[in-house]
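Structural overview for review
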Amino acid sequence: MKDISILIADDEEEIADLIAFHLEKEGYHTVKVPDGQEAVRIVEKQAFELLILDIMMPKLDGYEVTRRIREQHNMPIIFLSAKTSDFDKVQGLVIGADDYMTKPFTPIELVARVNAQLRRFTTLNQATNGNKSTLAFGGLIISPEQRAVTLYGEYIELTPKEFDILYLLASHPKKVYTVENIFLKVWGEAYFESRNTVMVHIRTLRKKLKEDKQRNKLIKTVWGVGYTFNG
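Rules of the game
Residues numbered from 1 in each chain as written. Predicted model: local features only at pLDDT ≥ 70, side-chain atom pairs only at ≥ 80, totals over all residues. Heavy atoms only, no water. Axes fitted to C-alpha atoms, helices over the stretch in contact; angles between N-to-C directions. Helix = DSSP H or I, 4+ residues; strand = E, 2+ residues; numbered from the N terminus. Left-handed = near helix turned anticlockwise from the far one by under 90°. Contact = heavy atoms within 4.5 Å. Nonpolar A, V, L, I, M, F, W, Y, C, P; charged D, E, K, R; others polar. Buried < 20%, exposed > 50% of the residue type's maximum accessible area, 1.4 Å probe, protein only. Phe/Tyr/Trp six-rings, centres within 6.5 Å; stacked < 30°, edge-to-face > 60°.

Take the packing of helix 6 (residues 160–171) against helix 7 (residues 179–187) next. Where helix 6 contacts helix 7, the two axes come as close as 10 Å, and the packing angle between them is 120 degrees. For the pair helix 6 and helix 7, the crossing hand works out as right-handed. In this structure, helix 6 uses Lys161, Asp164, Ile165, Leu168 and Leu169 to contact helix 7, whose residues at the interface are Ile182, Lys185, Val186 and Trp187. Residues belonging to the contact of helix 6 with helix 7 are distributed by class as follows: six nonpolar, no polar and three charged.

See below:
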């Protein structure tokens, strides 16, 4: 039996039961809640390795739940939603979700994505714990142990994916990463729509690093290829 707990937050009881059934067949322990407010409350009281969130929930929607949880926690979050537009998918990923699936869905694919996110998260944590060296570039300090970033003494609040992208690029200054390679290393899987997802994360990351006010960009675009860290 896997010692892994997964929270399922969905106000549609039949869907929550279906997800729980298939995850428990895989050996995971599941907890179900019917609204966003209860999801936030139980995460503060109990440890979970992964969250599956609907977006349109009573009391608090999935976006707000993610914002609040990301203030303290770093476990993978998968959105499972009837919202199918590219805007909704990108918004969910930028806010801090690790994956986005649309309803209707196949339980087999959901279980596969859960397994992939848990593998990626475990591998990333092991790699981070094995190398606790802090990276420093002028006023930019990146601490992998605390997963914290400061710029000239000011704390920069990043989503887990933004931190992972920044740490990946900064760990190998001047090395050029393709968009597909960034997605593979940060998300842990190949994805045919990776370009737009990575571009949006890079754009928000640059904004948080105040690159619009700096002459020398830390994250440089190599046109037609990808991105590099100009530290």
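A separate point is the side chain of Thr159. Mapped onto the secondary structure, Thr159 falls in the loop between strand 9 (154–156) and helix 6. Here Thr159 falls in the buried class, since its relative accessible area comes to 8%. Every residue in contact with Thr159, bar those within four places of it in the chain, is listed here: Val94, Ile95, Gly96 and Lys208.

All right, on to the packing of aromatic side chains then. For the structure on display, the rule yields four aromatic pairs. With a centroid separation of 5.7 Å and an interplanar angle of 80 degrees, the aromatic rings of Tyr63 and Phe79 are classed as edge-to-face. With Tyr63 in helix 3 (residues 62–70) and Phe79 in strand 4 (residues 77–81), this pair connects stretches of sequence that are 16 residues apart. A relative accessible area of 7% means that Tyr63 is categorised as buried. Residue Phe79 is classed as buried on the basis of its relative accessible area, which comes to 0%. Summarising the aromatic geometry, the rings of Phe79 and Tyr100 are spaced 6.1 Å apart at their centres and angled 80 degrees between planes, so their arrangement reads as edge-to-face. Note that Phe79 is positioned in strand 4 and Tyr100 in strand 5 (residues 99–102), a separation of 21 residues in sequence.

Honestly, that's just the spatial picture; any functional story needs more than this.
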